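Chain by chain, the residues:
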Amino acid sequence: MSQSKITVIPSVSLAEDFGGSHAELRNMLSKMQIQQELVAKQLKEFAALPIVQNSCEYQQLKYLATSLPLFEYPSESFDGWYFKYGEIFQEETTSLNDRAKVQLLVSRLGDLEMKKYINSIAPLRVNELTFRETIAKLMSLFAKTKSRTTRRLQYIQLEKEENEAIINYGLRVDKAFCAAEMEEISPNELKCLMFVLGLKSPKEAALRKWLIERMDEKGSGLKLSDLQKLCDQFKENTTKKNAITKIDEIQAKVWRTVHLDFFQIEQDHIVVLFDAYSHWPEVYKSSNSRAFTIVDTMQAIFSRFGLPQTLVLSCDPSLTQVKSNLFIEYCDDNDIFFTIPKGHSEVSSHADYLDFRHKLKRAIEERPGTKNCVEALRPFLVKHKNQTFHGAPHHKTPAELMLGRSLRVTEEEPPTYFVGGFGMIATDYPY
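Residues numbered from 1 in each chain as written. Predicted model: local features only at pLDDT ≥ 70, side-chain atom pairs only at ≥ 80, totals over all residues. Heavy atoms only, no water.

With that settled, consider the overall build of the protein chain. Along the backbone of the protein chain there are 20 helices and seven strands. Residues classed as buried in the protein chain amount to 39% of the 431 residues present. Sequence-distant contacts, at least 24 apart, represent 63% of the contacts inside the protein chain between residues at least 6 apart. Counting every atom, the protein chain has about 25,300 Å² of accessible surface; 53% of that belongs to carbon and sulfur. (Helix = DSSP H or I, 4+ residues; strand = E, 2+ residues; numbered from the N terminus. Buried < 20%, exposed > 50% of the residue type's maximum accessible area, 1.4 Å probe, protein only. Contact = heavy atoms within 4.5 Å. Areas by Shrake-Rupley, 256 points an atom, 1.4 Å probe, with all protein chains shown as cover.)

This is the structure we're talking about:
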């Protein structure tokens, strides 16, 4: 039997070859091992990604990403961006799984937008949300109207404008559909929307606003029976609140509770906002009394004095203007609670406003034939603002309560100014 020949290799000092001690060599080898383990872990995690498992999928994501521009807010709202490029996600990603579509979507967020999105979903990671959940979150963060329920209510109330082209109306419907995420709506969500949409009475404005907030909080899990229970809860909360606070107590500050009225005398359309605390009136003459004109007038006045908390409808609450979607949405979007007068015990200033309205109408009706409506009201309004009234706080005038001083007047009548197409009677006083 032949014996194996063993070759003896002379021993070599590794420490001498590396120019250092055995301790230095062990330290170097330890670091190399740690790095190798780290790289192996990263490669394992990377290999688990769907886009790595399928190279064709990776190439498709890479191609689609180059077709989508970065989304940057506020130069563009997310609902507008998704309306433009949503077809790419709907038609060209059918072969991709949900996680890959999420990766494509978030890869097109700008740096600031990505940072805000990651902070908003913490402690969850990006890949832990579905594509639908990611869309909903981005809509809430970067849409013009952040409430998804409000966007959906606005969508189902869309109407074609009188002179709007059919193609433009169709584009507007399509864009609103995208912004409202209507393609993902469930039957229960649609029932809840229709329930809230039917609450159009001014008496139910606070309930409608409260239900919208609850629907946004709870997402898509609400059923119609849940909304009915929430109505009972709101009624109970309101009863307790009214037992503690009366509307009279809300009137403790200027421009907190404001009366709204509008009427027509001959050819003149008059819009009045009357502060319940100071009795300060804002009076506009316009060419019509459509809902758009009334809301535009309110915006002009509120831009100077701020938004009130409560709007008392001293006009007929059954009028179409205050029941219109435009008026209701404006109040909802600006957190203005509107109600009807409930008698002198609850809204003590209502009787004072009715007295002011009577004098206002009489000043217009009894004007000389040579004067128009604006010229007749100027001296009346200046006199009213510089004159105290029964029950005035500290016996002050409306001007002193509203502005902290009386209006400076001269013997000559102040001029009339026109702003935004309206005769601004309320502020036609000299300084």
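A few words now on the pattern of salt bridges. This structure, assessed with the given rule, holds 10 salt bridges. Between R208 and D332 there is a salt bridge, with its nearest N and O atoms 3.4 Å apart. One end of the pair, R208, is in helix α12 (residues 205-218); the other, D332, is in helix α17 (residues 325-333), with 124 residues separating them in the sequence. Taken individually, R208 and D332 each receive the classification buried, so the pair is uniform in this respect. Between E213 and R214 there is a salt bridge whose closest N-O contact spans 3.7 Å. Assessed through its relative accessible area of 33%, E213 is described here as partly exposed. (Salt bridge = Lys/Arg side-chain N within 4 Å of Asp/Glu carboxyl O.)

Moving on, we come to the packing of helix α7 (residues 111-121) against helix α8 (residues 131-142). Packed helix pairs are characterised by how far apart their axes lie and by the angle those axes make with each other. Look at α7 against α8: their axes get within 11 Å of each other, and the N-to-C directions meet at 115°. Viewed along their axes, α7 and α8 adopt a mutual orientation that is roughly perpendicular. The element α7 and its partner α8 pack so that their crossing is right-handed. Residues E113, K116, Y117, S120 and I121 of α7 form the contact with α8, whose participating residues are T134, K137, L138, L141 and F142. Residue composition of the contact of α7 with α8, by class: five nonpolar, two polar and three charged. (Axes fitted to C-alpha atoms, helices over the stretch in contact; angles between N-to-C directions. Parallel < 35°, antiparallel > 145°, perpendicular 65-115°, else oblique. Left-handed = near helix turned anticlockwise from the far one by under 90°. Nonpolar A, V, L, I, M, F, W, Y, C, P; charged D, E, K, R; others polar.)

Another aspect to go through is the packing of helix α5 (residues 78-91) against helix α10 (residues 166-179). Direction vectors running N to C along α5 and α10 enclose 115°, while the axes themselves pass 9 Å from each other. As the angle between them shows, α5 and α10 are arranged roughly perpendicular. Considering the relative orientation of α5 and α10, their crossing is right-handed. Counted together, D79, G80, Y82 and F83 of α5 and L171, D174, K175, C178 and A179 of α10 form the full contact between these two elements.

The alternating pattern of strand β4 (residues 310-313) places T310 and V312 on one face and L311 and L313 on the opposite face, and all of these are buried. Sheet topology note: the strand β1 (residues 257-265)/β4 ladder contains four bridges and is parallel. Looking across to β4, one finds that L260 is bridged to L313. (Pairing = 2+ DSSP bridges.)

Bringing the packing of aromatic side chains into the picture now. A complete count under the given rule lists 15 aromatic pairs for this structure. Measuring from ring centre to ring centre gives 5.5 Å for F71 and F142, while their planes differ by 65°; the resulting arrangement is edge-to-face. Separated by 71 residues along the polypeptide, F71 in the loop between α4 (55-67) and α5 and F142 in helix α8 bring together distant segments of the chain. Where F327 meets F338, the ring centres are 5.4 Å apart and the plane angle is 70°; that geometry is what we call edge-to-face. Here F327, found in helix α17, pairs with F338, found in strand β5 (residues 337-339); they are 11 residues apart in sequence, far enough to count as distant. Overall, F338 belongs to the buried group, its relative accessible area being 0%. (Phe/Tyr/Trp six-rings, centres within 6.5 Å; stacked < 30°, edge-to-face > 60°.)

In this structure, F78, Y82, F89, L105 and Y117 are the most contacted members of the largest nonpolar core, which totals 28 residues. Contributing elements (two or more residues each) for this core: α4, α5, α6 (98-106), α7 and α8. The greatest single-element share of this core, amounting to six residues, is contributed by α8. Counting 27 residues, the second largest nonpolar core, distinct from the first, contains L260, V295, F302 and L313. (Core = buried A, V, L, I, M, F, W, Y, C linked by side-chain atoms within 4.5 Å.)

This part covers unusual backbone geometry. The step from A122 to P123 runs through a cis peptide bond, and the omega angle for that step is 10°. Take P123: it is sitting in the loop between α7 and α8.

In this model, α8 (12 residues) spans 16 Å end to end at C-alpha, consistent with the 16 Å of a helix rising 1.5 Å per residue. Listed in full, the buried residues belonging to α8 are F131, T134, I135, L138, M139, L141 and F142. For α8, the elements touching its buried residues are α5, α6, α7, α9 (148-156) and α10. (Expected span 1.5 Å × (residues − 1).)

Among the eight residues of strand β2 (residues 268-275), eight are classified as buried, and the element is accordingly described as predominantly covered. Burial of β2 is two-sided: the residues D268, I270, V272 and F274 facing one way and the residues H269, V271, L273 and D275 facing the other way are all buried. Taken together, the eight bridges between β1 and β2 define a ladder with antiparallel strand orientation. Opposite D261, over in β2, you have V272 as the bridge partner. Turn length for the β1-β2 hairpin, with the two strands adjacent in sequence and antiparallel, is two residues, and the turn residue E266 shows positive phi of about 55°. The pairing of β2 with strand β3 (residues 281-286) spans six bridges and is classified as antiparallel.

On to helix α15 (residues 291-305). The terminal C-alpha atoms of α15, which comprises 15 residues, lie 21 Å apart, in line with the 21 Å expected from a rise of 1.5 Å per residue. Listing the buried residues of α15 in full gives A291, T293, I294, V295, T297, M298, I301 and F302. Two residues or fewer after α15 comes G306, characterised by a positive phi angle close to 90°.

Turning our attention to the layout of surface pockets. The computed volume of the second largest pocket comes to approximately 780 Å³. Taken together, 20 residues line the second largest pocket, and the ones lying closest to its centre are Q154, L158, E159, R172 and E329. The set of elements that each furnish at least two residues to the lining of the second largest pocket consists of α9, α10 and α17. Broken down by element, the lining of the second largest pocket gets its largest block of residues, four residues, from α10. Here the residues of the lining of the second largest pocket sort into five nonpolar, five polar and 10 charged. (1 Å grid on protein atoms, 1.4 Å probe; cavity = no way out; pocket = protein on both sides within 12 Å on 5 of 7 lines; lining within 4 Å. Points joined across faces, edges and corners; volume = space filled by probe spheres on them.)

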